[in-house]
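Single-letter residue listing:
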Amino acid sequence: MKKSLYLTSALVAASVLALGSTDSMAAGKALKVGVSGSYKAVVGYAKSSSGFTTSSGVGTALTSYNTMDVKTDSEVHFKASGTTDSGMKIGVGIELETDQATTTDIDGTYMTIGGGFGTIMLGSSVHAAAMLAVNAPSAGAVGVFGGDSNTWVPRPANVSVATTAGANIGGAEHQKIRWNSPSFSGFTAGASYTPDRSSVDNAMPANGGNGGTDGSVIDLALKYSGKMGTNAVSGSVGWWAHDVATAAANASTSTEGLSLGASTTMGAFTLGAGYKEVTTTGKTLSTFNAGPASISGTANSLDEEAVNVGVGWIQGKTTLALNYFRVEMDLATGTEGEDSVTKWTLGAKQNIGPGIDFLGTVQNVVWSDEGDGAADNNKGTAFVGGIAVTF
């Protein structure tokens, strides 16, 4: 029922924008309204390691995974834009997740204000550090970043690496203010501020004192795109910081992230790489009435390091890409090793009509825990193909 109300409200709002039925819109020029979207349907085969599937349960609670599945991913975007009397450009965007299995209906909503100063975004969208990031090339039916891999080769519960882990920072779409500068000699700068990273309502953030547990985020980014001879080159750097208080007096968590990316295109080939480092400099009380102690290197640490390298080839309507991605998290300094995920991805895209692409991917995934228990480690290979439509 709730989902139906969300979708109905969004469609009504889009209809109002399209028809220009309000008095204020009728008094001036109607906003330009556009509707776009995408739909991807894939079918694939994937098999997890036998040790994981035979050890992931207790007694009769053994979990077994099918080797075949059908998955879809779709969105509908409504956008409106207009110009004020003073010449500023105003835009509105509403992004709907339209899959039946999706737990959230609204992917992002935002307003943009543009002028000679650049573009300011108010609402829920990604951070500037993610928006301006340069990544290694990839293609196909299964994403290198995000949660696609986990849906084919499941992550064991004790592996702390997030299923959505990538080589970027700032991908969360919380309510924020974001600024992107105009491009100057190939350089574009950006910055974002998120008052509350955890709350999804309009309550004032509680991010201080003994009881404040909400966290704020700030990030900065710089991107360059240009030419070096006949080759196209691009690079990016992003910095991200998240501060959150805890219920314990004088305790807090401060997490910082740094991301670097570079890419060059030489004829039909593109070579790219990315690096991410996340460091937890948070504090927690070591003993009652004692001074704070660092939580880096403990089970509460968010320390993380990611490397991504890829090569892509485009010729006419055909795209091929080979991509390597690895994330490591050092959790307990007393335990040798780290939690990690390693992915090798070979993907292809073939355009078969206007807005219609055939996609194919072979992806090998290895989820590793600090310990060597069979139930805490999994690896497998997915063979996935399908069709993607954009409109």
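For the structure itself, consult the block above.
Residues numbered from 1 in each chain as written. Predicted model: local features only at pLDDT ≥ 70, side-chain atom pairs only at ≥ 80, totals over all residues. Heavy atoms only, no water.

## Focus: the overall build of the protein
Then step 1. Regarding its fold elements, the protein presents five helices and 18 strands.
Then step 2. Counting only residues that meet the buried cut, the protein has 38% of its 391 residues in that class.
Then step 3. Pairs at least 24 apart in sequence give 58% of the contacts found in the protein among residues at least 6 apart. (Helix = DSSP H or I, 4+ residues; strand = E, 2+ residues; numbered from the N terminus. Buried < 20%, exposed > 50% of the residue type's maximum accessible area, 1.4 Å probe, protein only. Contact = heavy atoms within 4.5 Å.)

## Looking at the pattern of salt bridges
Then step 1. This model, assessed by the stated rule, comprises four salt bridges.
Then step 2. Across the pair K71 and D69 runs a salt bridge, and its minimum N-O distance is 2.5 Å.
Then step 3. Overall, the relative accessible area of 34% leaves D69 in the partly exposed class.
Then step 4. Among the salt bridges present, the one from K276 reaches E304, with a minimum N-O distance of 2.5 Å. Of this pair, K276 sits in strand β11 (residues 269–280) while E304 is found in strand β14 (residues 304–315), placing the two residues 28 residues apart along the sequence.
Then step 5. K276 sits in the buried class, given a relative accessible area of 5%. (Salt bridge = Lys/Arg side-chain N within 4 Å of Asp/Glu carboxyl O.)

## Description of the side chain of T255
Then step 1. On the secondary structure map, T255 appears in strand β10 (residues 252–266).
Then step 2. Look at T255 and you get buried, because its relative accessible area is 1%.
Then step 3. Beyond its immediate sequence surroundings of up to four residues, T255 is in contact with W240, A241, H242, V278, T279, T280 and L302.

## Points about the environment of G146
Then step 1. Along the chain, G146 turns up in the loop between α4 (128–131) and α5 (148–152).
Then step 2. Once residues within four sequence positions are removed from consideration, G146 is found in contact with T163, T164, A165 and K343.

## Here's the deal with the packing of aromatic side chains
Then step 1. Tallied over the entire structure, the rule returns four aromatic pairs.
Then step 2. With centroids separated by 6.5 Å and ring planes inclined at 40°, the aromatic side chains of Y45 and F383 adopt a geometry described as tilted. On the criterion of sequence distance, the pair formed by Y45 in strand β1 (residues 32–48) and F383 in strand β18 (residues 378–390) is long-range, its members being 338 residues apart.
Then step 3. We classify F383 as partly exposed; its relative accessible area is 42%.
Then step 4. Pairing F187 with Y224 gives two aromatic rings, centres 4.8 Å apart and planes at 45°, and the pair type is tilted. Placement of the pair is F187 in strand β7 (residues 187–194) and Y224 in strand β8 (residues 215–228), with a sequence separation of 37 residues.
Then step 5. Between K71 and the ring centre of W152, over which it is positioned, the NZ or CZ distance is 4.4 Å. (Phe/Tyr/Trp six-rings, centres within 6.5 Å; stacked < 30°, edge-to-face > 60°. Lys NZ or Arg CZ within 6 Å of the ring centre and 35° of its normal.)

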